[in-house]
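These are the residues of each chain, in order.
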Amino acid sequence: MRKPMKNIFKRFKLIVLSTVLFVGCENHLDVDTFNNITGSGFWQSPTDAVSYAVGLHADVADLWDSGNNTLNWTDGRSDLFTPGALGPRLTGPAQLHTQTALIGGGDWTSRYNIIHHCNLMLREIENITFADVDEKNALAAQAYFFRAFIYFDLVRVFGAVPLVLEPTEGKVAEENLIPRAAVDDVFAQIKADVDRAIAGFPDGIADKNFVSRAAAYALKAEVYMWTGRALTARNSPVVADLNTAIEAIDAILAASAGSVSFVDTDWKSIFTRQANDSPEYIWATFYDYIIGPQNNVHDAITLRIDNVPVEMQGTFPIAVTDEGLNRIQIGANMNTIFKKYQTVDAHDDPFDKTDVPPYTDRRDLRDINSIVDLLGDQTTIVCIKFPGILVEADNRRYWDNDIPVYRWSDMLLLKAEALNTLGGNEAEVVNILNMTRNRAGLADYPGATDQETLEDEILDERARELLAENKRWWDLIRSHKAGNNVPRFMDNRGDDSVDPSLWNFYYWSIDESVLLKNNTLVQSPGY
Amino acid sequence: MKNKYNFIKSAVCICLIYLTHLSVFAQEKTITGKITSQEDGTPLPGVNILVKGTTSGTITDVDGKYALTVPENATISYSMIGFEPQEVAVGDQSVVDIVLAVDIRQLQEIVITGYGEQSRATVTTSILTVDAEPLQNIPAGGNALNSLIGKASGVQILQNDGRSGTAPAIQIRGGTTPGFGGDTPLYIVDGFIQNDIGALDMNDIEEFTILKDAASTAIYGAQAANGVIIVNTRKGKRDKVRVQFKYSHESLNVDRYKIKTLTPEEEMYYLRMQYLNYGDPLAYQFVSGRAEWYSAVQPFDPSQEGYVENNASQLHWLDDVIQFNGGLPNGWHTTVDPVTGRQLAFPVNDWQDAIFTDGSGDSYFVNVSGGTDNAIYSMSMSYYDQTGIGVFNDYRRFYLNANAEFQLSDKVKTGLNLNYSVEDENLGEGNQWYQRSARQSITTRLYNEDGSPAPNFKNSGKWNPFYYENFLERDRIGTNIRLNAFAEWEITDGLIFKPSILLNQETDNFSSLVLANLVTGERRDQEAFIRDILSTQVSGLLTYERTFNQVHSLNALAGFEFRNTFDYTVTGTGFGSSTDLIRTINSALPGENTQIESELITPAIQSWFGQVSYNYDMRYLLNLTLRYDGSFKFTEENQWGLFPGISAGWNVHEEDFWDGLGVSSWFKRAKIKAAYGEAGKTAGLSINDTQGAYSTLSYANVGGVLQTTLQNTALVWETTREWGGGSEMTFLQGENLNVNIEYYSKSAVDRLFLEPLPSFTGFTGVTTNVGTFESRGIEIAYDADIMNTGRFSWNVNGFVDFLLSQKTKKLPDNGAEKNRIGGFFVTNPNNPTGDPILVGGLAEGERFGAIYGYVNDGVIQNWDEADAYNEAVFDEISASSRNQRQFKVPGDYRWADLNGDGLINSLDQEFKGWSTPDKRFGLTQSFQYSTPNYGDLRLSITLEATTGAVADDWHTMRMIAQAQGGDRPASVVRGSWIEDGDTQFASYTWANRHTAWNFERRSEPFMQSSDYIALRNVELNYTFPTTLTDKIGAEKASIFVSGYNLGFLTDYKGPDPSQVDGQDLISRIPPAPKTINFGVDITF
């Protein structure tokens, strides 16, 4: 053990002595550091790599949370949300689809910070001796997973992005500046990393707050759905990619070794504060108001108490006093989507057999449990899906639900989308739709089953099922239907389903500060 | 808490009474005499006369006469500054007349040069001394450095925060850091490096010595690049025992903070008008969502729907009030609502008067000092107690300083010094009260019916600070103990060895508890912080002084200094305690709610240094300095740095030919000097910057680690290289005029800088040695005795500083034009339709701190103008805001489209000026009128001025922009647009502000020159005649009135033009208050 207090007195004594004796002194500048682990002190043993992998998870949880990033970058840009009645604080040009080269561009630094950690871990893990090579592979798999996960995020938000595969060492010489890589190259890297992750992980999910082989298959499905649909023209999908996506989804249950399943019970019970409580979840980022990290995402989409008419207070989760809530609120489109095909066959209602007479209209459980139309006129619709916990002693509500990144219904509906895009699978598609509908207390899907109607219905069903889970914006882009569904996009950019040049605006402009620090970068096309 | 220090006050008084009786001794014989000067035979007043081996003594009167009772066979010593001391054995004489010889050596001012001292006549570097005594009465807000404002050439001192006890920002000679605040000098207190001089009592300081150029600071090497301020506390004199008592009372006035307001009726009108301008008076936000808004009319009766108890606003319908109250309460006002035509009723609360309260303080100071042949000693004690301005603002300080030196033998001397201070501050919410106050509307409820403060908790930005004060227990106690001992051994004639040791302990204790209240509920947040910095230092100094052949004068020193520090911090937070009664964290909810963190670093610094001063017959002067410093912050290969200083001078007036020039009747003295030096800087650098750091974090109940700082093992010292030269001249005889002109040119090479990294690295930057920065300037300092008639004297003392250049000279090649780092694009003023140009950030050859802003073309007056403007341009900035308003309406600002692209965006900005001034002036005038029978009257006035900067008057802008129903509108709102023809400001309404972004972009009319002349200090001091003071046995007694920060002559509209780097800051930090004190100062 190093004893700093003793050291300074020992040195003091020595120096006093040597002063008296006119003797020179030895070098005392080589002091120990105690707070942090310095560069040379880390990466010694397998436990260091284990800790680093935990750090990676924390960083990703922070990214999803900080400044309501994820919600702003995904659902916030879609029709699910609209700027709220209070404060302009976190809504901006990107949500309004008015961003330009100079206003509202994105900064990807925090995402590349995670890439750096992945790259560093992948490099350093090679210098550590592992007794069990499987342990090493499983640790490396986490780094491969997150590198793929973040690049997939980056490439969807910005399009072409620099492809960085080595950790940052310090200053970057001008000749080593990295330009934007082609979207195809980025995807090639993502796909390779996903496969490495799948190979490295063992089967089973020890903790749903951590990534696993099942999560890697889910990521793989999303990635191939994207290259299969989003990057090609409407109605000309890449069949092989869609098939790969379907195979990946089919592999999830086996890879989860029984810990993931379709929850055939009350829809509301899926959403708990802690991800491990629900078999639906494949991977969710962890939040806890006491030990942190805290989740500030969902406070932005709910109301504070003084914005709620007195008669409605107490009927749904609201904030107590905190200012700055309702920065964004549920868009009017959601009401329309929920109302569509909302008839119920009471005989098929699996949960409530007591108080509803047969053949009565009935609302979707997801509608009831996700949103509240405050004034009944669709002007102030509040999201109550992730209510966190009200702590009376603190006089405040903490919004600390774990955020599901992948859950089974998401994957099922993604599979339905793939099947429908391939064509000729109507029965199977309707079957999946009925699974999620029935669980929400609705009758079987009553509408037309042609490919185009089903495409819209899958979009709608995903919106109902996955509201505020950061899927909608990507769903719309995959179908090139952002314009048709998001009035703000239509007003400010135009109809993307007929004009492919507008696809440029799916991507963000990059902030001037990002451009200035790397002169090999060019602004995103269209800006 | 307030009573805690009462015992100290008592103790100080008791000591005073006790010590004044020390001088009463057995009397055996009385002698008298007269003392005259050998030079011209004039009588010498004020000569110190002391019976050797005792503490009894006296001084001569104005006629040089004295009388003293002495024991038999006494030996008496006579001493006076400027004369050689004499000793006389009394024997059986009863009249002892003495002739004192002038001491040539003493007549020359001695200047501290760091570890040694030197005659002013032989100094060749740039060293400024400021006598502390004339500054001691200035009520400078608890920090001695503030009293230097406007008194020190080349030293910019900024008191940005009017809070008591806060240290000012200091920049010497333009600094080497972009902006202001990164150039804190090194402080040497009684020979030892200190982080600041915060707790030193101004009354205990003898002198400030400021080493300005690198040639002089090189002796402090690696830490001295920003200059060095040396402060020595009082030492005893070989003289009788003296006891000084000084008391002063100060009043702090904050009228400067107050904005001009509207009449209550006008205020209601403007608050309510926003309903109309918003378009939909019944918009949801105002009816239910913003019930607490001051512009929302509240139900009066608790039984009415929508009545909220303790609602912030007290705006009601008159008929409601009359119906439920039976009449209009006392003091309420009524006016017609411009929205509905109904009568409004409301009380008037003047929040500015309530919150911007004046402060007051008391200062008690006692010093006991004296000396004998074998020992000198001085002990100071002081207590300063200030109830500060506003809310949450108290500062108390107890200070004790004792030193003694003992002559053990002819060759050996030893001494010790004890310095202890305690600072006790009520921190409260910091400066929050300042920004909260000005924004409160008059209808906001200040007190509840029962007289307790109302919370106004509906809006966290505007909580009633009085309410919060009741529930916040937040205290900081800081202590500093400095103990040092030294010995001096004269090994042979002129060769002295001086070893010394230092133990220094600084602690900082902070605790905070929020009691249960309506705003934060039962959460009871708790916070505690303890920092303990323990330093040990050992140093040794060898000095040698000798004159060879009467013309070669040599003064040399060599030494070492090793310092080790143990810097330990523990912080804890918790919440959830079930009671208000336990104020420590152990009452917090157990387990996970409580967080404890600790931090430990053990800095180590080693230094070796040497200095040689040589002069030939006082004519040719040479100084050499070398310091070799090692710091733990760098890696082994870069650990050591060498810092040289060399300077030379020529005393032209000492040359034989000087008399032959025929100027000597008016040109008395001329010295020419030149210097070069290097000094280092490591401030702000952590060992992690060289080694890199990994930090711990937690996720899902598991601990994790991530790299947080990139390593840079190649980091080396930042070095400031400085060339300088100048001349010191004395003109006239008798009424001297001294003029000092100095030029400096310094560049910081290998600057330590967080160099931005490209975003794909995932880090914002890495600490590197980046490029070269330079500042150049000229300083002219002067002092003159304009008049001295014996009775009346008039003295001026001042300076003019010009900053010639403050720019980036070299940056690493990054491919950008001028290798610019950071910055943004604006329209090229020389070719508006061409490519935009990159400005801002750091770029080679550019001065720091260029301010860019939009060009305001005035207010759109009517719909025709609005249509024409909308036709021509599209404002991207307002279109991108939340409630996007794409089109301008009458009452909006018209922005100039500089590049003619039809868009208003960040490209449409032009250069507005510089953020820091480049010319500074200081002028102190002293007038003294002396009479033997009626005492002396002295008046001194200090003016300080700066020019060359522009500032954004965010304060006034905010007062208009926030006049939106939520905040109090200032009287400037009267000048805002309502109808065609109003031209001063844009329309004031809420709707307007958020959608059209009229105000929150930098532009005229809020951007203006911040040039000012400040009346920093006026002091009137009256010294009683000795005829009067003799009667109470006092040696000297005076009373004084002194004012500080008395006012500004400026066009700037905000509260304080000298608060630089303002913008947002100006509206959040209270500027220095106007302070006036009066006091009494008696020496026995």
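Residues numbered from 1 in each chain as written. Chains lettered and ligands numbered in written order. Predicted model: local features only at pLDDT ≥ 70, side-chain atom pairs only at ≥ 80, totals over all residues. Heavy atoms only, no water.

Q: Please clarify how the overall build of chain B should be interpreted in this entry.
A: Of the regular secondary structure elements, chain B holds 17 helices and 56 strands. A burial count over chain B gives 57% of its 1084 residues as buried. A separation of at least 24 residues holds for 69% of the contacts in chain B among residues at least 6 apart in sequence. Counting every atom, chain B has about 42,800 Å² of accessible surface; 55% of that belongs to carbon and sulfur. (Helix = DSSP H or I, 4+ residues; strand = E, 2+ residues; numbered from the N terminus. Buried < 20%, exposed > 50% of the residue type's maximum accessible area, 1.4 Å probe, protein only. Contact = heavy atoms within 4.5 Å. Areas by Shrake-Rupley, 256 points an atom, 1.4 Å probe, with all protein chains shown as cover.)

Q: Any chance you could explain the overall build of chain A here in plain terms?
A: Check the secondary structure of chain A and you find 18 helices and nine strands. Looking at chain A as a whole, 61% of its 527 residues qualify as buried. Total accessible area on chain A is roughly 18,900 Å²; 52% of this is exposed by carbon and sulfur atoms.

Q: How should I be thinking about the packing of aromatic side chains in this particular structure?
A: Two descriptors summarise a pair of aromatic rings, namely the distance from one centre to the other and the angle between the planes of the rings. Under the criterion given, the structure shown has 68 aromatic pairs over all chains. Seen from their ring centres, Phe42 of chain A and Tyr52 of chain A are 6.0 Å apart, and the 50° between their planes marks the pair as tilted. With Phe42 of chain A in the loop between β1 (37-38) and α2 (46-65) and Tyr52 of chain A in helix α2, the pair connects residues that are 10 residues apart, well separated along the chain. Judged by relative accessible area, Phe42 of chain A falls into the buried class, the value being 6%. Judged by relative accessible area, Tyr52 of chain A falls into the buried class, the value being 0%. Aromatic side chains Phe824 of chain B and Tyr852 of chain B sit 5.7 Å apart centroid to centroid with 90° between the ring planes, which places their arrangement in the edge-to-face category. With Phe824 of chain B in strand β42 (residues 824-826) and Tyr852 of chain B in strand β44 (residues 850-854), this pair connects stretches of sequence that are 28 residues apart. An aromatic cluster is present here, built from Trp64, Phe145, Phe146, Phe149, Trp283 and Tyr406 of chain A joined pairwise through their rings. Arg397 of chain A extends its terminal NZ or CZ atom over the ring of Trp399 of chain A, reaching a point 5.5 Å from the ring centre. Above the plane of the ring of Phe773 of chain B lies Arg751 of chain B, whose end atom (NZ or CZ) is 4.6 Å from the centre. (Phe/Tyr/Trp six-rings, centres within 6.5 Å; stacked < 30°, edge-to-face > 60°. Lys NZ or Arg CZ within 6 Å of the ring centre and 35° of its normal.)

Q: Sorry, what's going on with the domain arrangement of chain A here?
A: You'll often see interface size given as the accessible area lost when the parts meet. Residues and elements named next belong to chain A. Under the domain assignment, chain A is made up of domain 1 (2-79 + 103-232) and domain 2 (298-391). Both faces considered, domain 1 and domain 2 share a buried interface measuring about 430 Å² in area, 55% of it formed by carbon and sulfur atoms. Across the domain 1-domain 2 interface, the total number found is one residue pair in polar contact (both at pLDDT 80 or more). Of the residues assigned to the side of domain 1 that touches domain 2, the class counts are one nonpolar, two polar and one charged. (Domains from an automatic or database assignment. Buried area = accessible area lost by both parts, 1.4 Å probe. Polar contact = N/O pair within 3.5 Å; in protein donor to acceptor, adjacent residues only side chain to side chain. Nonpolar A, V, L, I, M, F, W, Y, C, P; charged D, E, K, R; others polar.)

Q: How should I be thinking about the sheet that holds strand β1 (residues 29-37) of chain B in this particular structure?
A: Picture the strands of a sheet paired through backbone hydrogen bonds; they go either parallel or antiparallel. Residues and elements named next belong to chain B. Strand order in the open sheet formed by three strands is β4-β1-β7, and the pairing between neighbours is mixed. What marks the edges here is a single partner per strand, and that holds for β4 (65-70) and β7 (98-100). Strand-to-strand, the axes of this sheet are offset by a mean angle of 35°, without reference to chain direction. Inspection of the sheet shows β1 paired to β7 by three bridges, in the parallel sense. The residue bridging Ser37 from the neighbouring strand is Leu100, located in β7. (Pairing = 2+ DSSP bridges. Axes fitted to C-alpha atoms, helices over the stretch in contact; angles between N-to-C directions.)

Q: How should the pattern of salt bridges be read in this particular structure?
A: It is possible for side chains of opposite charge to pair when their charged atoms get near one another. All names here are of chain A. Under the defined criterion, the tally for this structure stands at 85 salt bridges over all chains. With a closest N to O distance of 3.0 Å, Asp410 and Lys471 form a salt bridge. Residue Asp410 is located in helix α12 (residues 408-422), and its partner Lys471 is located in the loop between α14 (451-466) and α15 (472-478); the two are separated by 61 residues in the primary sequence. For the residue pair Asp410 and Lys471, the accessibility class agrees, reading buried in each case. Among the ionic contacts, a cluster of salt bridges with common partners joins Glu280, Asp364, Arg366, Lys385, Arg407, Arg439, Glu457, Glu461, Arg464, Glu465 and Glu469. (Salt bridge = Lys/Arg side-chain N within 4 Å of Asp/Glu carboxyl O.)

Q: What's the story with helix α8 (residues 213-230) of chain A in this structure? I'm lost.
A: Taking 1.5 Å per residue as the helical rise, α8 of chain A with its 18 residues ought to reach 26 Å, and the 25 Å between its terminal C-alpha atoms agrees with that figure. Buried residues dominate α8 of chain A, accounting for 18 of its 18 residues. (Expected span 1.5 Å × (residues − 1).)

Q: I'm lost on α12 of chain A in this one. Help?
A: Since the α-helix advances by 3.6 residues per turn, residues separated by three or four positions end up pointing in the same direction. All names here are of chain A. The end-to-end C-alpha distance of α12, which contains 15 residues, comes to 21 Å, matching closely the 21 Å that a straight helix rising 1.5 Å per residue would cover. Counting buried residues in α12 gives 14 out of 15 residues, a clear majority hidden from the surface. Gly423, located one to two residues past α12, shows a positive phi value of around 90°.

Q: Just checking my understanding: could you explain the packing of helix α7 (residues 183-200) of chain A against α8 of chain A for this structure?
A: Geometry of a packed helix pair, given as the angle between the helix axes and the separation of the axes. Residues and elements named next belong to chain A. Two elements in contact, α7 and α8, have axes separated by 9 Å at closest approach and are oriented at 155°. Accordingly, the angle class assigned to the pair α7 and α8 is roughly antiparallel. Taken as a pair, α7 and α8 cross one another with a handedness that is left-handed. Facing α7, whose interface residues are Phe187, Ile190, Lys191, Val194, Asp195, Ala197, Ile198 and Ala199, α8 presents Arg213, Ala216, Tyr217, Leu219, Lys220, Val223, Tyr224, Trp226 and Thr227. The residue inventory of the contact of α7 with α8, partitioned by class, reads 12 nonpolar, one polar and four charged. (Parallel < 35°, antiparallel > 145°, perpendicular 65-115°, else oblique. Left-handed = near helix turned anticlockwise from the far one by under 90°.)

Q: Can you walk me through the pairing of strand β24 (residues 412-426) of chain B in this structure?
A: For a regular strand, side chains alternate in direction, first toward one face of the sheet and then toward the other. Residues and elements named next belong to chain B. Here strand β23 (residues 394-407) runs beside β24; their pairing, made up of 14 bridges, is antiparallel. Bridge pairing in β24 places Phe398 opposite Val422. Between β23 and β24, which pair antiparallel in sequence order, lie four residues. Bridging between β24 and strand β25 (residues 472-492) involves 15 bridges; their strand directions are antiparallel. Paired with Leu418 across the strands is Leu483, a residue of β25.

Q: Honestly, the environment of Glu429 of chain B in this entry has me stumped. Any pointers?
A: Residues and elements named next belong to chain B. On the secondary structure map, Glu429 appears in the loop between β24 and α8 (432-438). Taking the C-alpha atoms as reference points, Glu429 and Val391, separated by 38 residues in sequence, lie 8.8 Å from one another. The residues contacting Glu429, other than those within four sequence positions of it, are Phe392, Arg436, Tyr468, Leu472 and Arg474.

Q: Help me out: how do you make sense of the sheet that holds strand β19 (residues 333-336) of chain B in this one?
A: Residue and element names in this part refer to chain B. Taken in spatial order, the three strands make up an open sheet running β18-β20-β19, and their pairing is antiparallel. Looking at strand neighbours, the two that pair on one side only are β18 (316-317) and β19, the edges of this open sheet. The sheet contact formed by β19 and strand β20 (residues 343-346) spans four bridges and is antiparallel. Bridge pairing in β20 links Val336 to Gln343.

Q: Looking at this structure, I do not really get the nonpolar core. What am I missing?
A: Grouped burial of nonpolar side chains is what soluble globular proteins tend to show. Residue and element names in this part refer to chain A. Grouped together as the largest cluster of nonpolar side chains are 145 residues, with contacts concentrated most on Phe145, Phe149, Ile190, Trp283, Tyr406 and Met411. Residue assignment places this core across two domains, with domain 1 (2-79 + 103-232) and domain 2 (298-391) each supplying three or more. What Phe145 contacts, discounting residues up to four positions off in sequence, is Ala197, Phe201, Val211, Ala215, Ala216, Leu219, Trp283 and Tyr406. (Core = buried A, V, L, I, M, F, W, Y, C linked by side-chain atoms within 4.5 Å.)

Q: I keep staring at the environment of Glu817 of chain B and nothing clicks. Help me out?
A: Residue and element names in this part refer to chain B. Mapped onto the secondary structure, Glu817 falls in the loop between β41 (792-810) and β42. Residue classification places Glu817 among the exposed positions, given a relative accessible area of 51%. Between the C-alpha atoms of Glu817 and Glu844, which are 27 residues apart in sequence, the distance is 8.8 Å.

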